[in-house]
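# Results of the structural survey
Now for the letters of each chain:
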Amino acid sequence: MQELICNVEFDKDGETFIAKLRTEIGGLREFTGITFDEVLTQVLLELEEEFI
């Protein structure tokens, strides 16, 4: 059985990358950065803290 544990959306607004992360525990959070790698790292660290 599968269970949705998070939802992540990535967008780009001009020169800024935006990630929207939603989980049951943490709710909706938004991360911004100049590079995709920077935003992805922020999302991964947040998920690590929440699920590990």
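Coordinates for the structure precede this section.
Residues numbered from 1 in each chain as written. Predicted model: local features only at pLDDT ≥ 70, side-chain atom pairs only at ≥ 80, totals over all residues. Heavy atoms only, no water.

## As for the nonpolar core
Our working rule: Working definition of a nonpolar core: buried Ala, Val, Leu, Ile, Met, Phe, Trp, Tyr and Cys residues. They are joined through side-chain atoms within 4.5 Å. The buried label goes to any residue with under 20% of its type's maximum accessible area, the exposed label to any with over 50%, and the partly exposed label to all in between, with areas taken from a 1.4 Å probe on protein chains only. Where helices and strands are cited, they refer to DSSP runs of H or I of at least four residues and of E of at least two residues respectively, numbered from the N terminus. Two residues form a contact once any of their heavy atoms are found within 4.5 Å.
Phe17, Ala19, Leu21, Phe31, Val39, Val43 and Leu47 form the largest nonpolar core, which has seven residues in total. Broken down by secondary-structure element, the contributors of at least two residues to this core are β2 (16-23) and α1 (36-51). With residues near it in sequence (within four places) discarded, leucine 47 still touches Cys6, Leu21, Thr23 and Ile52.

## Some remarks on the pattern of salt bridges
The line we're drawing: Any carboxyl oxygen of Asp or Glu that lies within 4 Å of a side-chain nitrogen of Lys or Arg is treated as forming a salt bridge with it.
Under the defined criterion, the tally for this structure stands at two salt bridges. The partner of glutamate 46 in a salt bridge is arginine 29, with the nearest N and O atoms 3.0 Å apart. Within this pair, whereas glutamate 46 is found in helix α1, its partner arginine 29 is found in strand β3 (residues 27-33), the two being separated by 17 residues in sequence. Salt-bridge contacts for arginine 29 lead to glutamate 50; the nearest nitrogen and oxygen are separated by 2.9 Å. One end of the pair, arginine 29, is in strand β3; the other, glutamate 50, is in helix α1, with 21 residues separating them in the sequence.

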